Amino acid sequence: MIEGWVFMFSALIALVSALAMVVSKHAVHAALYLVATQIALAVLFLLQGAFFIAALQVIVYAGAIMVLFVFVIMLLGVDQKEALLEPLEFQRPLAIGLGLVLIAEALYLGTYDLARGLAARADVRPLAGEGNVESIARILFTRWAFPFEVTSVLLVVAVVGVMVLARRRA
Amino acid sequence: MIPDTWYLVLSALLFTIGAVGVLIRRNVIVMFMCIELMLNAVNLSFVTFDRMLGGVDGQISVFFVLVVAAAEVVVGLAIIVGIFRRRASADADQMSMLKW
């Protein structure tokens, strides 16, 4: 019962903040609404027992990534006005129409009984009496160990690339 | 117990809001935030499918999505800062030329 209320409350916050992010005029407001959406999603992860992912969501997404966004907004100046005049006048109605088509497709797939038949195929299961973090660690460092190491290469490439891009040519 | 379908419907709604946001906004930073919203919506459906199937693989996929998103945000924001230095504008309509 209380689980249903928590779900409703978090889902409402996530949806309203996401809509507010899309329509807000200032970039800083948009960033704030995105943080609200992400924290609501972290609550939904907790509700589904994904404790590790919920912690990562708060620390990495709502923490590190959004701080970077706000930092860049402040660096570029917060008084950037968005041009209200749309050069292609058919683009906005077309975008909303295509969005409605997308949501119809996604709702059809989401409510379709897709995953039920796959239930027997989840071959990587948590062991009995094992917590969420323990089972993720066991599988990440055994079956997914090589992709995990490759992500470190990706992060190094990203750091070097950013230093090359953002360097001032003096 | 909440039906799995509700989570999937919420994920679909959030993904669509993000996609429409990318299409209708002109400010590149807000467009970038909409992409992050789409990634978050997909993460929610990963975790939901994981719970439906009783496994942990989906949560590991979410972990990799987080790592790739972090790298993508860093590089993307550096590109935005680089464009802003040359154009003094964060408007997507201004970026109509590859070079000049």
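Along each chain, residues carry numbers from 1 onward, in the same order as the chain's sequence is written. Key to labels: chains lettered from A, ligands numbered from 1, both in the order written. Totals for whole chains, interfaces and linings use every residue, but because this is a predicted model, local features are given only for residues with pLDDT of at least 70 and side-chain atom pairs only at 80 or more, for both listing and counting.

Let's shift gears to helix H1 (residues 2-23) of chain A. A helix here means a DSSP run of H or I that spans at least four residues, while a strand means a run of E at least two residues long, and both kinds are numbered starting from the N terminus. For a helix, the expected span equals 1.5 Å multiplied by the number of residues minus one. The terminal C-alpha atoms of H1(A) lie 32 Å apart, and with 22 residues this matches the ideal 32 Å at 1.5 Å per residue to within 8%. Around each residue's C-beta, the other C-beta atoms within 10 Å are counted; 20 or more make the residue buried, 12 or fewer make it exposed, and counts in between make it partly exposed. All C-beta atoms are placed from the backbone. If you check which residues of H1(A) are buried, you get A:Ser10, A:Ala11, A:Ala14, A:Ser17, A:Ala18, A:Met21 and A:Val22. The buried residues of H1(A) all sit within an arc of 140° when viewed along its axis, so they share a single face. The exposed set on the far side of H1(A), more than 90 degrees from its buried face, consists of A:Ile2, A:Trp5, A:Met8, A:Phe9, A:Leu12 and A:Val23. Where H1(A) is buried, its residues contact helix H2 (27-47) of chain A together with helix H1 (4-24) and helix H2 (28-53) of chain B. When we speak of the arc, we mean the arc of directions from the helix axis to the C-beta atoms. Residues are treated as contacting if the C-beta atoms built from their backbones sit within 7 Å of each other.

Turning our attention to the confidence of the model for chain B. All names here are of chain B. pLDDT expresses, on a scale from 0 to 100, how confident the predictor is about each individual residue. The share of residues in chain B with pLDDT of 70 or more is 96%, and the mean pLDDT across the chain is 86. The weakest mean pLDDT in chain B belongs to helix H3 (residues 57-87) at 88; the strongest belongs to H2 at 91. The ipTM value of the predicted complex is 0.90, and its pTM value is 0.88.

Our next topic: the environment of B:Gly54. With respect to the secondary-structure elements, B:Gly54 resides in the loop between H2 and H3. Taking the C-alpha atoms as reference points, B:Gly54 and B:Gly21, separated by 33 residues in sequence, lie 34 Å from one another.

Residue-level contacts link 69 residues of chain A with 62 residues of chain B. Taken together, the elements giving at least two residues each to the side of chain A that touches chain B come down to H1, H2, helix H3 (51-76), helix H4 (91-111), helix H5 (132-140) and helix H6 (145-166) of chain A. A per-element tally of the side of chain A that touches chain B places H3(A) first, with 12 residues. Here the side of chain A that touches chain B is built from residues that sort into 53 nonpolar, 12 polar and 4 charged. By the convention adopted, Pro, Cys, Tyr, Trp, Phe, Met, Ile, Leu, Val and Ala count as nonpolar, Lys, Arg, Asp and Glu as charged, and the other residues, Gly among them, as polar.

A separate point is the confidence of the model for chain A. In this model, chain A carries an average pLDDT of 84, and 83% of its residues clear a pLDDT of 70 or more. Across chain A, the secondary-structure element scoring lowest on mean pLDDT is H4(A), at 84, and the one scoring highest is H2(A), at 94.

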